[in-house]
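Observations on chain architecture
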Amino acid sequence: MLAENVFSDVEFDNWAYIENLKPEEKFLIDNYLNKGINIIEAGTGGGRILIELQKLGYSSLTGFDCEPKMVEVANQRDTSKEIQFEVQDAVNLPYKNESFGQALYLQQIMSFIPTESQRLNAFKEAYRILKPSGTILFAVLNFDARIRKPFYQKYLSYLMFFRKVTNSRNAIQTIPWLKHNGKPNLSALIDKSPYTYWFKIEEIHQILQNVGFEVMALGSSPQIQQGRMCNSPQQLLQEQLEGILYIICKKP
């Protein structure tokens, strides 16, 4: 389930037709995944990551997205026709318990789910379909990195004031897109959708533990560029933060 009004034509093309792995994704794949174990990807978009994994020698690949047009593009781009792409909702999945040995939630899917209860259900579903000892890689929008930037500090202060005046119930981590359809989103000044949810590092660490995952490592772009991840939220919060927050988990 996606937040409302997310995909304009520009955003759709950006998610559906981009190619290649990001350096951060390549690092996580090389260091934490196993080619001999089946993989499911949530929020696969146009199938970019799974198609790249297939090129690297991975097999038994399944991807899902709640947007049918994305899945249509993914199937078109998969020239091998060996990857299983499906229309599914991360909040309520049809797969049997413990179906997959590895899972990828690397395209910030959890940040696009609009409500707290739906996000929690999606985390629980991810846990349910993963096999014991299975590995899962998450990527979410990083509130702690954003709040350190002076521009966003000013914008979020303004947003808090605006929401107080308008009696909005939106959490401060539910933030309007500042750019939409390839240009500045002026509607963000009056707190209009589309929104995404930005996770605090300690918050998502606690959520994952409460669901049952063992958090193995976490980091952002600077940590990955240095070839290392952090062992705890407290350690990561003492370091430079930039970009997406990546978390590696195991199911006990």
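Residues numbered from 1 in each chain as written. Predicted model: local features only at pLDDT ≥ 70, side-chain atom pairs only at ≥ 80, totals over all residues. Heavy atoms only, no water.

Focus on the nonpolar core
Judged by nonpolar contacts, the single largest core of 37 residues is most densely connected at Tyr105, Met110, Ile136, Phe138, Leu208, Phe213 and Ile247. Counting residues per element, the ones that place at least two in this core are strand 1 (39-42), strand 4 (100-105), helix 5 (109-112), helix 6 (116-129), strand 5 (130-140), helix 9 (201-211), strand 10 (214-219) and strand 11 (245-250). For tyrosine 105, the contacting residues outside a window of four places in its chain are Ala42, Phe64, Leu93, Met110, Ala126, Ile129, Ile136, Leu137, Phe138 and Ala139. Counting residues in each nonpolar core, the second largest holds 34 residues, with Ile83, Leu106, Trp198 and Ile248 among its members. (Core = buried A, V, L, I, M, F, W, Y, C linked by side-chain atoms within 4.5 Å. Buried < 20%, exposed > 50% of the residue type's maximum accessible area, 1.4 Å probe, protein only. Helix = DSSP H or I, 4+ residues; strand = E, 2+ residues; numbered from the N terminus. Contact = heavy atoms within 4.5 Å.)

Comments concerning the sheet that holds strand 5
Within a sheet, each strand pairs with its neighbour through backbone hydrogen bonds, oriented either parallel or antiparallel. Spatially, seven strands are ordered 3-2-1-4-5-11-10 in an open sheet, and the strand pairing comes out mixed. A strand with exactly one partner marks an edge of an open sheet, and here the two such strands are strand 3 (84-87) and strand 10. Adjacent strand axes in the sheet meet at a mean angle of 15 degrees, parallel and antiparallel pairs treated alike. When strand 4 meets strand 5, the two strands line up parallel, connected through five bridges. Bridge pairing links glutamine 102 to threonine 135 in strand 5. (Pairing = 2+ DSSP bridges. Axes fitted to C-alpha atoms, helices over the stretch in contact; angles between N-to-C directions.)

What about the pattern of salt bridges?
For the structure on display, the rule yields seven salt bridges. For arginine 163, the salt bridge goes to aspartate 191, with nearest N and O atoms at 2.9 Å. Pair noted here: arginine 163 is in helix 8 (residues 150-166) and aspartate 191 is in the loop between strand 8 (183-184) and strand 9 (195-197), with a separation of 28 residues, a long-range link. Take arginine 163: its relative accessible area is 4%, and that puts it in the buried class. By relative accessible area, aspartate 191 is classed as buried at 8%. Where arginine 228 meets glutamate 239, a salt bridge forms, and the shortest distance between an N and an O atom there is 2.7 Å. Note that arginine 228 is positioned in the loop between helix 10 (221-225) and helix 11 (233-237) and glutamate 239 in the loop between helix 11 and strand 11, a separation of eleven residues in sequence. Judged by its relative accessible area of 29%, arginine 228 falls in the partly exposed class. (Salt bridge = Lys/Arg side-chain N within 4 Å of Asp/Glu carboxyl O.)

Thoughts on the packing of aromatic side chains
Evaluated as defined, the whole model comprises twelve aromatic pairs. Pairing tyrosine 127 with phenylalanine 213 gives two aromatic rings, centres 5.1 Å apart and planes at 80 degrees, and the pair type is edge-to-face. Linking tyrosine 127 in helix 6 with phenylalanine 213 in the loop between helix 9 and strand 10, this pair joins segments that are 86 residues apart in sequence. Tyrosine 127 gets classed as partly exposed once you look at its relative accessible area, which sits at 23%. Using a relative accessible area of 3% as the deciding quantity, one classes phenylalanine 213 as buried. Among the aromatic residues, those joined into a cluster by ring pairs are Tyr105, Phe123, Tyr127, Phe138, Tyr197, Phe199 and Phe213. When the ring centre of tyrosine 152 is taken as reference, the NZ or CZ atom of arginine 146 above it lies at 3.8 Å. (Phe/Tyr/Trp six-rings, centres within 6.5 Å; stacked < 30°, edge-to-face > 60°. Lys NZ or Arg CZ within 6 Å of the ring centre and 35° of its normal.)

Points about the pairing of strand 11
Strand 11 sits mainly inside the fold: five of its six residues count as buried. As paired elements, strand 5 and strand 11 share six bridges and run antiparallel to each other. Paired with threonine 135 across the strands is lysine 250, a residue of strand 11. Where strand 10 meets strand 11, five bridges bridge the pair, whose relative direction is antiparallel. By the bridge assignment for strand 11, leucine 218 is matched with isoleucine 247.

By themselves, these figures tell us nothing about what the structure is for.
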